[in-house]
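Observations on chain architecture
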Amino acid sequence: MAANSAGCGFTTPLISQKLPTLRNDVRRSFELSAAKNTSFRRRICGCLSVSKQRNGEKFEEWRRKFDSKENSNRRVRSQALPSLPFTSPPTRFHSKPRCTPRNSGPQSRDTPPKRDTGIANEKDWGIDLLNENVNEAGINEDGSTWYREGGVELGENGYRCRWTRMGGQSEDGSSEWKEMWWEKSDWTGYKELGVEKSGKNAEGDSWWETWQEVLHQDEWSNIARIERSAQKQAKSGTENAGWYEKWWEKYDAKGWTEKGAHKYGRLNEQSWWEKWGEHYDGRGSVLKWTDKWAETELGTKWGDKWEEKFFAGIGARQGETWHVSPNGERWSRTWGEEHFGNGYVYYKVLLINVLWTVVTSICAEIALYKYSVFSKVHKYGKSTTGENWDIVVDEGTYYEAEPHYGWADVVGDSSQLLSIKPLDRPPGVFPLPPPPPSPPTIDDISDLPPSL
């Protein structure tokens with residue numbers, strides 16, 4: 001995200017007003033430092049950088065250069081350039097900060113998403129909704145335009161949606177950015193915080209990103225649940241390259257947790273996919289899985305996948321690594337482990353926080369760090385090249401019985417979501433039950449990559 005005008009480090013438009021005072025201050029500082037023959041460094045307006053000076057001659061030379069630039073007007077044009085999504089020369093993608101006068105339009109937020117960064121916390125977005133209906137637009141000093149608008153939508157069952165929409169584009173229209181924030185609530189206790197942004201630059205690179213955080217009650221158990229999700233997409237304008245990611249996390253107050261991601265990428269003649277998931281039932285049962293594969297336009301394909309299921313030290317792991325050549329020849333190696341849990345069990349715990357109070361006793365919050373079992377393990381496998389093994393060994397079994405980031409963590413990171421205030425409900429009016437969950441969409445069940 002681009003910084004605002006007060007924080008970006010450039011205040012050049014004010015130099016003509018403050019220059020005499022600044023020049024005198026700088027001259028006095030240099031004369032004093034030259035007398036003491038010490039090295040120093042001073043930064044002026046975030047734009048002029050002065051190296052260490054060690055004698056009066058260098059000071060005079062620098063002062064003459066500074067005087068010659070007294071009436072110069074240096075402005076910085078913004079360019080919405082994303083970080084390179086694939087391994088290509090990094091010099092092609094640079095991003096410059098935008099500086100516009102204070103109290104003008106919204107600052108350019110034309111930074112693209114980054115790969116493999118998961119789901120951001122709400123504080124990283126800096127969502128600040130307007131408190132009233134706003135519809136305004138303007139032109140910056142560099143010729144770029146901007147707009148900002150906001151409003152409130154009301155509906156049945158106490159539904160309210162506050163939203164803010166903003167955007168802008170360069171003078172020639174080659175670069176553009178858009179962003180929308182919203183918060184939703186109703187009388188059922190439903191709360192939602194969200195962001196959607198998109199942009200493009202002069203090189204033809206484009207991107208899109210959305211983020212959501214939801215609080216609601218499970219319709220069957222009435223247990224509070226928080227769900228977070230993010231989708232990100234970027235496409236190169238100069239080569240056949242692009243990527244897409246979909247992330248989701250679900251938590252409830254009983255410890256049930258689900259996490260997962262779907263990823264797709266392409267760079268010229270090569271494409272790749274990745275899917276993974278984690279499921280914790282809150283009572284000690286764990287399921288994890290990963291599936292990765294790739295292919296080239298020549299017909300070469302390869303991949304790797306694995307899965308594990310555990311409960312109370314008993315469980316199994318299995319997986320496969322495979323490769324297909326352009327002529328269709330296939331190689332694979334499959335493997336598996338059976339953990340019987342018939343040994344002794346020990347727990348390792350991590351003391352997360354100990355809270356001392358004056359009136360009450362000590363309160364300690366302890367989280368299960370890992371679960372290990374020493375028992376018999378059956379290992380087996382084979383490959384298409386004749387490999388084969390089937391053995392039983394004594395060894396430790398390790399798996400995480402609880403997620404490293406759970407209900408307590410997500411509640412602590414969702415203060416803005418939890419602080420959303422719904423409309424006041426009139427006496428005698430009761431909220432209608434939420435609609436039944438919608439069936440899965442094609443995006444949820446398809447292995448096809450998104451259109452890039």
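Residues numbered from 1 in each chain as written. Predicted model: local features only at pLDDT ≥ 70, side-chain atom pairs only at ≥ 80, totals over all residues. Heavy atoms only, no water.

1. Regarding the pairing of strand 13 (residues 286-296)
Summarising the sheet, strand 12 (residues 270-280) and strand 13 pair through eleven bridges and their orientation is antiparallel. Across the sheet, the residue bridging to Gly-277 is Trp-289, located in strand 13. Between strand 12 and strand 13, which pair antiparallel in sequence order, lie five residues; one of them, Gly-282, sits at a positive phi of approximately 85°. Judged from the ten bridges that link them, strand 13 and strand 14 (residues 301-311) form a sheet pairing that is antiparallel. Note on strand 14: the bridge partner recorded for Trp-293 is Gly-303. Counting the residues that bridge the hairpin from strand 13 to strand 14 gives four residues, and of these Gly-299 lies at a positive phi of roughly 105°. (Pairing = 2+ DSSP bridges. Helix = DSSP H or I, 4+ residues; strand = E, 2+ residues; numbered from the N terminus.)

2. Notes on the confidence of the model for the chain
Taken as a whole, the chain shows an average pLDDT of 75; of its residues, 65% reach a score of 70 or greater. Predicted confidence for residues 29-60 stays below pLDDT 50, and this span has 47 contacts to residues more than four positions away or in other chains. (pLDDT = per-residue confidence, 0-100. Contact = heavy atoms within 4.5 Å.)

3. Looking at the pairing of strand 6 (residues 176-185)
Here strand 5 (residues 160-169) runs beside strand 6; their pairing, made up of ten bridges, is antiparallel. Its bridge partner being in strand 6, Gln-169 is matched across the sheet by Glu-176. Remark: six residues form the turn of the hairpin made by strand 5 and strand 6, two consecutive strands paired antiparallel; Gly-173 in that turn has positive phi of roughly 75°. By the bridge criterion, ten bridges tie strand 6 to strand 7 (residues 191-200) in an arrangement that is antiparallel. Across the sheet, residue Ser-185 finds its bridge partner in strand 7, namely Lys-191. Hairpin connection from strand 6 to strand 7: five residues lie between these consecutive antiparallel strands, with Gly-189 at a positive phi of about 95°.

4. Remarks on the environment of Thr-117
Relative to the elements of secondary structure, Thr-117 occurs in the loop between helix 2 (56-68) and strand 3 (134-139). Relative accessible area serves as the criterion here: at 45%, Thr-117 is assigned to the partly exposed category. It is 9.7 Å that separates the C-alpha atoms of Thr-117 and Glu-245, two residues lying 128 residues apart in sequence. (Buried < 20%, exposed > 50% of the residue type's maximum accessible area, 1.4 Å probe, protein only.)

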